[in-house]
Amino acid sequence: MLSDYFNSFSLGFNLRGAMQFIFVRFLWLFMWVCAGVVTAGVTSFEQSIRRNWSTEEGLPQISITDIAQDQQGFLWLTTEGGLVRFDGVQFVSFDGSHTSLLQNPLLRSVVVDADNSIIFASTTKLIRYQNQSFSEITDENQSIEGVNVMTVNHVNDILIGGEALYLLKEQSLSKLSDYQGQVSSLLTYGDVVYIGGINQLAVYQQGVIKHVPVQWPKERLTINKLAMYQQQLYIGTNQGLYRVDENGQLVDEVFDTHSMGSEILKLYVDQWQNFWIATYDELLRIHDNKILERVKRSENASVEWVVSAFEDEDGYLWFGSKSNGLTRLRQDATRNYGIKHGLADPFVWSLLVADNRLFVGHNQGLAEFTLGTAFVTVELEYGRRGCIVTGK
């Protein structure tokens, strides 16, 4: 109820002096309401407070290929210039000057193990960072090359995809030979891990790999990304977005008549069931199968080539760009309301909560504010002794 936020108070402004008058000329109604109430729990790109970090703020390189969070709350970023730890204020970088294992600083993926060690992959090695020490994870003393992606399943085993599929279980690495070929994407959903490759889709569950029968097109289709949205499996490929139906058919996905035929860089479903889709040209937010936001790369550099996404323990949404560093989206607990929301005049003099209704007094009269419809003008008439009354 609105009275819970305003506690049945009224505000009046007794403006005196020129400075106060100047101030009120630019005063818009500023409502302090819970963001969850205003947005019904839906995080919006345009309505979020966004902050971007690039090399000027301490990033060693602007390509953020993956993001993870450890048990202490630090973010870990893989870049094409080394490993980075971020506490929200400062970046700490690790590169070839810290260990010879990072002589090749082109990193692709990062996860956090159950013991809070950081597992990350370069194009030539799989590396563990634990207790301020780096060590290589090998397969029978052979380096693991070409790792593209990693994921942690429901029992904290780590699946590693590259030129082959590997399982890291209790610090023991093994190759899963039941899957043959390159792994380009992994998705943990419940107790299942989906595995995507070139014209190949499989699942890993309870230690068993099963191939999903899909009717693949004649052309070479690389599954770049996987996402589960509204109980439907979506695959982002080098040729666009597809949905896999119950018969193994690939359905060209269309939202609001908008075809997703260009290469998919990132798919991500957040806790509010927003489906974020990134291509080279734009970032889309889908909710209830409708396009609610479509942000063009040409209009906002924050969506330039988004290749990684992560929702942290505080609910902040992070996007990593191939060419624009790190961007954080934070839903504010405040919102500004004014003329564009139906307020007849921006000069607001008083607020009053009565009978769980919020009334706003302004230069041209009285309005009632509701979350669903914003402002509705209240018709006034003069009563006895010059008092203004309303019967509504």
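The rules behind each value
Residues numbered from 1 in each chain as written. Predicted model: local features only at pLDDT ≥ 70, side-chain atom pairs only at ≥ 80, totals over all residues. Heavy atoms only, no water. Helix = DSSP H or I, 4+ residues; strand = E, 2+ residues; numbered from the N terminus. Contact = heavy atoms within 4.5 Å. Areas by Shrake-Rupley, 256 points an atom, 1.4 Å probe, with all protein chains shown as cover. Core = buried A, V, L, I, M, F, W, Y, C linked by side-chain atoms within 4.5 Å. Buried < 20%, exposed > 50% of the residue type's maximum accessible area, 1.4 Å probe, protein only. Phe/Tyr/Trp six-rings, centres within 6.5 Å; stacked < 30°, edge-to-face > 60°. Lys NZ or Arg CZ within 6 Å of the ring centre and 35° of its normal. Pairing = 2+ DSSP bridges. Axes fitted to C-alpha atoms, helices over the stretch in contact; angles between N-to-C directions. Lys, Arg positive; Asp, Glu negative; His and termini not counted. Salt bridge = Lys/Arg side-chain N within 4 Å of Asp/Glu carboxyl O. Polar contact = N/O pair within 3.5 Å; in protein donor to acceptor, adjacent residues only side chain to side chain.

## Some remarks on the overall build of the protein
Per the secondary structure count, the protein includes 3 helices and 40 strands. Considering only residue pairs separated by 6 or more positions, the protein has 46% of its internal contacts joining residues 24 or more positions apart. For the protein, the computed accessible surface area is about 19800 Å², with 46% contributed by carbon and sulfur atoms.

## Side note on the nonpolar core
If you look at the biggest cluster of nonpolar residues, it comprises 15 residues, and the most contacted ones within it are Tyr194, Leu201, Leu226, Leu233, Ile235 and Leu250. For this core, the secondary-structure elements that each account for two or more residues are strand E18 (192-196), strand E19 (201-205), strand E21 (223-229), strand E22 (232-237) and strand E23 (240-244). Looking at this core element by element, the count peaks at 3 residues for E21. Once you skip the residues sitting within four places of it in the chain, isoleucine 235 turns out to touch Trp216, Ile223, Lys225, Leu226, Gly240, Leu241, Tyr242, Val244, Leu250 and Leu267.

## Notes on the packing of aromatic side chains
The full count for this structure, using the stated rule, is 18 aromatic pairs. Relative to phenylalanine 94, the ring of tryptophan 76 has its centre 6.1 Å away and its plane inclined at 20°; by these criteria the two rings are stacked. Of this pair, tryptophan 76 sits in strand E5 (residues 75-79) while phenylalanine 94 sits in strand E7 (residues 91-94), and the two are 18 residues apart along the sequence. The rings of Trp76, Phe94, Phe120, Tyr129 and Phe134 are connected pair by pair, giving a single aromatic cluster. The ring of phenylalanine 74 is capped by arginine 85, whose NZ or CZ atom sits 4.9 Å from the centre of that ring. Above the ring of tyrosine 316, the side-chain terminus of arginine 328 is found at 5.4 Å from the ring centroid.

## Describing the sheet that holds strand E32 (residues 317-321)
Across the sheet, 4 strands lie side by side as E3-E33-E32-E31; this open sheet has antiparallel pairing. The open sheet has two edge strands with one neighbour each: strand E3 (49-53) and strand E31 (306-311). Put simply, the sheet's adjacent strands are angled 20° from each other on average, direction ignored. Pairing analysis gives 5 bridges linking E31 to E32, with the strands arranged antiparallel. Looking across to E32, one finds that valine 306 is bridged to serine 321.

## Quick notes on the side chain of aspartate 245
Mapped onto the elements of the fold, aspartate 245 is located in the loop between E23 and strand E24 (250-252). Buried within the structure, aspartate 245 lacks any salt-bridge partner; its nearest side chain of opposite charge belongs to arginine 243, at an N-O separation of 5.8 Å. Looking at aspartate 245, its side chain comes within polar contact range of the main-chain nitrogen of glutamine 249, at 2.7 Å.

## Considering the pairing of strand E20 (residues 208-211)
Direction of pairing for E19 relative to E20: antiparallel, over a ladder of 4 bridges. In the strand pairing of E20, glutamine 205 is matched with valine 208.

## Let's talk about the pairing of E21
Burial runs high along E21: 6 of the 7 residues are buried. Where E21 and E22 come together, 6 bridges link them in antiparallel fashion. Its bridge partner lying in E22, methionine 228 is registered against leucine 233. With antiparallel pairing between neighbouring strands as the criterion, E21 and E22 make up a hairpin whose turn holds 2 residues, including glutamine 230 at a positive phi of roughly 50°.

## Let's talk about the pattern of salt bridges
One pass over the structure, following the stated rule, counts 11 salt bridges. Of the charged contacts in the structure, one is a salt bridge between glutamate 136 and lysine 125, with a shortest N-O distance of 3.8 Å. Of this pair, glutamate 136 sits in strand E11 (residues 133-139) while lysine 125 sits in the loop between strand E9 (118-122) and strand E10 (126-130), and the two are 11 residues apart along the sequence. Close ionic contact of glutamate 368 with arginine 357 constitutes a salt bridge, the shortest N to O distance being 2.8 Å. Residue glutamate 368 is located in strand E37 (residues 365-370), and its partner arginine 357 is located in strand E36 (residues 357-362); the two are separated by 11 residues in the primary sequence. Three or more residues are tied together by salt bridges with common partners; here these are Glu80, Arg108 and Lys322.

## Thoughts on the sheet that holds E20
In spatial order, the strands read E17-E18-E19-E20; together these 4 strands make up an open sheet with antiparallel pairing. The sheet is open, and its two borders are formed by strand E17 (185-189) and E20, each paired with just one other strand. Sheet twist, expressed as the average angle between the axes of neighbouring strands with direction ignored, equals 20°. Summarising the sheet, E17 and E18 pair through 5 bridges and their orientation is antiparallel. Pairing of leucine 187 across the sheet is with tyrosine 194, part of E18.

## Some words on the environment of valine 378
The topology assignment puts valine 378 in strand E38 (residues 374-378). A C-alpha to C-alpha distance of 7.8 Å links valine 378 and glycine 365, two positions 13 residues apart in sequence.

## A few points about the environment of asparagine 300
For asparagine 300, the location among the structural elements is in the loop between strand E30 (290-296) and E31. Distance from asparagine 300 to leucine 283, taken between C-alpha atoms, is 9.8 Å for residues 17 residues apart in sequence.

## Concerning unusual backbone geometry
With phi around 65°, glutamine 231 is a residue other than glycine that occupies positive phi space. Mapped onto the secondary structure, glutamine 231 falls in the loop between E21 and E22. For glutamine 231, a relative accessible area of 62% puts it in the exposed group. With a phi close to 55°, aspartate 288 is a non-glycine residue in the positive phi region. Looking at where aspartate 288 falls in the secondary structure, it is placed in the loop between strand E29 (282-287) and E30.

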